[in-house]
Amino acid sequence: MTLVFNERGLLQCHFPCLIQSFVNHNAILYKLFAIGEQSFMVKRPSIKNLFASEDIDSIDFHSDDISKPESSSQLTLQNLDEAEVTQEPCPDVLNSITKSVHRKLKVGLFGVDVVVVPTTGQYAIIDINVFPGYDGVPDFPDRIAAYIRQQLDKLDNHDSSQKWKSVPQKNDVKPNRIEYNNGK
C-alpha cells in the first residue's frame, strides 16, 4: 500500500490500482469480526493522523506492519499534539454494521475494518474481509466449531423429504470403483 500526500505522488502510482481517501482516525482501527450472529470488536493500532502536503513524499508500507496487535511502526505513533478528541465507538452502531454486512452479503464469517473520524464521530468502513484471521476473538476455535456445527444442522433439518428425493433406491445403486493404473 502507498500513502499519497500530493499530486506528484499520484503520478508515481502504478496503475491499475485502487485509490481510497484517507481519513484521520487517531491511529485507532476497530476490527469487527462476525461468526454467524455473534460479533466481536478488537481495537488495533492504525496509521496516525496525516495531512496533505506538497513537501511529503509518498510512503509505501505493508498493512501487516501497521494493524497487527504486536505492530510497531513510525506510522502508528500518534503525536498527542495532532490527536483529536475521540470517544469509543457506540457498540450499537458497530453491531448494526456487522448485521448489515451479514444481511447484504449473506455470509456468516467475515471481518470489517472500521475507523471513527474524531472531528465528526462518523464511521468509515475501510475494508471487508471474508474469513479474516480472527486474532483477538476469545475462544475462537470453539466458536468456529459451534458455528460450523450449527450450519451443518441447518442443512440436515432443511426439508429432508425434498433433499433426498432424487437419491437412487438401494437396488439401483452401483458401487463406485476406483481404478488404479500402476503404469502398466
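Within every chain, residues take consecutive numbers counted from 1 along the sequence as written. The predicted origin of the model limits local features to residues at a pLDDT of at least 70 and limits the giving and counting of side-chain atom pairs to 80 or more, whereas totals for whole chains, interfaces and linings rest on all residues. Calculated side-chain values reflect all of the structure's heavy atoms, with hydrogen atoms and water omitted.

**Q** Explain unusual backbone geometry to me, please; I cannot follow it from the model alone.
**A** Trans is the prevailing form of peptide bonds, just as negative phi is the prevailing case for residues other than glycine. Cis peptide bonds are those with omega within 30 degrees of zero, and the linkage from Phe15 to Pro16 qualifies with 0°. In this description a helix means any DSSP run of H or I spanning at least four residues, a strand means any run of E spanning at least two, and both kinds are numbered starting from the N terminus. Positionally, Pro16 belongs in the loop between α1 (7–11) and β2 (28–35). One non-glycine residue, Ala27, lies in positive phi territory at about 60°. With relative accessibility at 10%, the residue Ala27 sits in the buried group. Positive phi is not limited to glycine here, since Asp139 has a value of about 55°. Mapped onto the elements of the fold, Asp139 is located in the loop between β6 (123–130) and α3 (140–157). Per-residue accessibility, obtained with a 1.4 Å probe over protein chains only, is compared with the maximum for each type, and a residue is labelled buried under 20%, exposed over 50%, and partly exposed between these values.

**Q** Honestly, the layout of surface pockets in this entry has me stumped. Any pointers?
**A** One water molecule sets the probe size; rolling that probe over the atoms shows where empty space is left. A 1.4 Å probe that fits but cannot get out identifies a cavity on a 1 Å grid over protein atoms alone, an open set with protein on both sides within 12 Å along at least five of seven lines counts as a pocket, and a residue lines either if it has an atom within 4 Å of a point. Grid points are joined across faces, edges and corners, and a volume is the space filled by probe spheres set on the points. Computed from the structure, the largest pocket encloses a volume of approximately 1300 Å³. Around the largest pocket, the lining is made up of 45 residues, and of these Met1, Thr2, Leu3, Gln20 and Phe61 lie nearest the centre. Only Asp, Glu, Lys and Arg are considered charged in this grouping, and only Ala, Val, Leu, Ile, Met, Phe, Trp, Tyr, Cys and Pro are considered nonpolar; every other residue, Gly among them, is considered polar. Class assignment of the residues belonging to the lining of the largest pocket gives a composition of 24 nonpolar, 13 polar and 8 charged. Taken together, Ile35, Gly36, Glu37, Gln38, His102, Arg143, Ala146, Tyr147, Gln150, Gln151 and Lys154 make up the lining of the second largest pocket. If you tally residues by element for the lining of the second largest pocket, the top one is α3, at 6 residues. Classifying every residue of the lining of the second largest pocket gives 3 nonpolar, 5 polar and 3 charged.

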